[in-house]
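# A structural walkthrough
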Amino acid sequence: MGFLNKLFGNKTEEEKTMTNTKLKIGIILGSTREGRVSPQVGEWVKGIADQRGDADYEIVDIADFKLPFLGTTDGSEPGIAAWNQKLASLDGFVFVVQEYNHSITGALKNALDFAREAWYNKAAGIVSYGSTGGARAAEHLRGILAELKVADVRTHPTLSLFTDFENGSVFKPADLHQTNMTAMLDEVNAWSGALKTIR
């Protein structure tokens, strides 16, 4: 009977609930340094995302969790458990990534390493910035996400420090990025919804 219901579109109550529940997508700020611009980029992403109405989006700032360097403490800091709980509550992610020395920040790598199962079978998009649009950092992040069983989507808004930031500190994105943001969020939502069914 369950097979016939699926075949002819008669959904169970559980399936209806899953379909009607909005996805929860975290916009992860990948920098903790003083004077960082990632909060500006994160707010821009959220502003575009919130207009869609297809998911609940929230900014997740790794700086708020005050994570120690992995392996340097006994792991009892409350921020570690809070970080894992936050990730576990989310269905997908958008990473705001800065390029430092051709890679992601140490703070982001540390935060990625502080969780395991909470990442599994979820989707992610990447918004990066740097002198070359943060492309090299994004490629490094993709390799890490693969190990964490996070499916990263292809569309990738890349922001230039030279043309999208005034004096390197005030974020003023070019209009062309809106198209890539929309496409990336389409993919993140589709993949997050699909992967939710196997968790």
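As shown above, the structure is provided for reference.
Residues numbered from 1 in each chain as written. Predicted model: local features only at pLDDT ≥ 70, side-chain atom pairs only at ≥ 80, totals over all residues. Heavy atoms only, no water.

Quick look at the overall build of the chain now. Each helix and strand in the chain was counted, giving 7 helices and 8 strands. Every one of the 199 residues in the chain was classed for burial, and the buried ones make up 44%. Within the chain, counting contacts between residues at least 6 apart in sequence, those at least 24 apart form 80% of the total. Taken as a whole, the chain presents about 10,300 Å² of accessible surface, with 54% of it coming from carbon and sulfur. (Helix = DSSP H or I, 4+ residues; strand = E, 2+ residues; numbered from the N terminus. Buried < 20%, exposed > 50% of the residue type's maximum accessible area, 1.4 Å probe, protein only. Contact = heavy atoms within 4.5 Å. Areas by Shrake-Rupley, 256 points an atom, 1.4 Å probe, with all protein chains shown as cover.)

The calculated volume of the second largest pocket comes to roughly 160 Å³. If you trace the second largest pocket, you find it lined by Thr32, Ile62, Ala63, Lys66, Leu67, Pro68, Phe69, Ala107, Asn110 and Ala111. For the lining of the second largest pocket, the class distribution of residues is 7 nonpolar, 2 polar and 1 charged. (1 Å grid on protein atoms, 1.4 Å probe; cavity = no way out; pocket = protein on both sides within 12 Å on 5 of 7 lines; lining within 4 Å. Points joined across faces, edges and corners; volume = space filled by probe spheres on them. Nonpolar A, V, L, I, M, F, W, Y, C, P; charged D, E, K, R; others polar.)

Moving on to the nonpolar core. Ile28, Trp83, Phe95, Leu112 and Trp119 are the most contacted members of the largest nonpolar core, which totals 29 residues. For this core, the elements supplying multiple residues, two or more each, are α4 (78-88), β3 (92-98), α5 (106-113), β4 (122-130) and α6 (135-147). Ranked by the residues each element gives to this core, the list is headed by α6, at 5 residues. Judged by nonpolar contacts, the second largest core, of 24 residues, contains Ile48, Phe165, Phe171 and Leu185. (Core = buried A, V, L, I, M, F, W, Y, C linked by side-chain atoms within 4.5 Å.)

This part takes up the packing of aromatic side chains. By the definition in use, this model includes 8 aromatic pairs. Considering the side-chain rings of Trp83 and Trp119, the 6.2 Å spacing of their centres and the 70 degrees angle between planes classify their relative orientation as edge-to-face. Residue Trp83 is located in helix α4, and its partner Trp119 is located in the loop between α5 and β4; the two are separated by 36 residues in the primary sequence. Like Trp119, Trp83 is buried. Aromatic side chains Phe93 and Trp119 sit 5.0 Å apart centroid to centroid with 65 degrees between the ring planes, which places their arrangement in the edge-to-face category. Of this pair, Phe93 sits in strand β3 while Trp119 is found in the loop between α5 and β4, placing the two residues 26 residues apart along the sequence. Residue Phe93 shares its accessibility class with Trp119, and that shared class is buried. One aromatic cluster in this structure is built from Phe65, Trp83, Phe93, Phe95 and Trp119. (Phe/Tyr/Trp six-rings, centres within 6.5 Å; stacked < 30°, edge-to-face > 60°.)

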